[in-house]
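Notes for the structure review
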Amino acid sequence: MADAVLFEFLHTEMVAELWAQDPDPGPGGQKMSLSVLEGMGFRVGQALGERLPRETLAFREELDVLKFLCKDVWAAVFQKQMDSLRTNHQGTYVLQDHSFPLLIRMASGLQYLEEAPKFLAFTCGLLRGTLSTLGIKSLVTASVAALPACKFQVVIQRS
């Protein structure tokens, strides 16, 4: 339990530090901060993927990899499984978490809804980095309609 609290605190401080550099950044500054957070998450996701047991890396299909992300990786990082995984069977997957741990503290009011994207950038990078280590090139985006629920859309990049 203490690990989860420490991770949440670290994540909150990373976001706060990146936004504190320019308290009212224009669209270019926000994109840069989001890119930095996503890059940090990507590197953490790569490291996490490198530490996975070798027997877990023998997936036959993309869907198996995404199921592994939703169950095992999500549980390792957030101490819970992803709530839902949907696919169109054409390389697009939607992962839903109805009580995303990094948004729970913000769920008390609608005024925080516009602040939510900066708290999801790191996790988008984390997912993309883990997928990259597992040999899948992807694009990951996140959206929030109502706090603390969020959706991550994973689009597999075909070469």
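Residues numbered from 1 in each chain as written. Predicted model: local features only at pLDDT ≥ 70, side-chain atom pairs only at ≥ 80, totals over all residues. Heavy atoms only, no water.

Rules: UniProt positions are given in the numbering used here, feature names are shortened, and annotations may be inferred rather than shown by experiment.
Under an unreviewed UniProt entry, the name given to the chain is Trafficking protein particle complex subunit 6A, and the organism recorded is Monodon monoceros. Under the UniProt heading Function (unreviewed entry), the note attached to the chain is "May play a role in vesicular transport during the biogenesis of melanosomes." Per its UniProt entry, the chain bears the Subunit (unreviewed entry) comment "Part of the multisubunit transport protein particle (TRAPP) complex. Heterodimer with TRAPPC3. The heterodimer TRAPPC3-TRAPPC6A interacts with TRAPPC2L. Interacts with TRAPPC2L."

Some thoughts on helix α3 (residues 62-78)
For clarity, the threshold we go by: Starting at the N terminus, helices and strands are each numbered in turn, a helix being any DSSP run of H or I of at least four residues and a strand any DSSP run of E of at least two. Each residue after the first adds 1.5 Å to the expected span of a helix. Consider a residue and the seven residues that end there alongside the seven that start there; fitting an axis to each set, the bend is the angle between those axes.
In this model, α3 (17 residues) spans 22 Å end to end at C-alpha, consistent with the 24 Å of a helix rising 1.5 Å per residue. By the largest-angle criterion, Leu69 marks the main kink of α3, which is about 35°. Positive backbone phi, at 60°, marks Gln79, one or two positions downstream of α3.

Comments concerning the environment of Thr92
As a reminder, the rule being used: Any pair of residues with heavy atoms lying within 4.5 Å of one another is described as a contacting pair.
Considering the arrangement of structural elements, one finds Thr92 in strand β2 (residues 92-97). Separated by 46 residues in the primary sequence, Thr92 and Ser138 have C-alpha atoms spaced 9.6 Å apart. Sequence-distant contacts of Thr92, defined by excluding residues within four places in its chain, comprise Arg86, Thr87, Gln153, Val154 and Val155.

As for unusual backbone geometry
Note the cis peptide between Leu147 and Pro148, where omega equals 0°. By the element assignment, Pro148 lies in the loop between β3 (138-143) and β4 (150-156). Backbone geometry places Gln79, a non-glycine residue, at a positive phi of 60°. Considering the arrangement of structural elements, one finds Gln79 in the loop between α3 and β1 (84-87).

Focus on the layout of surface pockets
Filter applied, for reference: Buried and open spaces are told apart on a 1 Å grid over the protein atoms alone, a cavity being a set of points where a 1.4 Å probe fits but cannot get out and a pocket being an open set with protein on both sides within 12 Å along at least five of seven lines. Residues with an atom within 4 Å of a point are the lining residues. Grid points are joined across faces, edges and corners, and a volume is the space filled by probe spheres set on the points. Three categories are distinguished: nonpolar for Ala, Val, Leu, Ile, Met, Phe, Trp, Tyr, Cys and Pro, charged for Asp, Glu, Lys and Arg, and polar for the others, with Gly belonging to the last.
Size it by volume and the largest pocket reaches roughly 270 Å³. Together, 14 residues line the largest pocket, and Ala121, Cys124, Val140, Thr141 and Ala142 are the ones closest to its centre. Elements with a contribution of two residues or more to the lining of the largest pocket: α2 (27-50), α4 (121-133) and β3. Across the lining of the largest pocket, the residue classes break down as 10 nonpolar, two polar and two charged. Its volume calculated, the second largest pocket comes out at about 210 Å³. Forming the boundary of the second largest pocket are Asp3, Ala4, Leu6, Phe7, Val44, Ala47, Leu48, Ala76, Val77, Gln79 and Leu126. Looking at the lining of the second largest pocket element by element, the count peaks at four residues for helix α1 (residues 2-20). Here the residues of the lining of the second largest pocket are counted per class, giving nine nonpolar, one polar and one charged.

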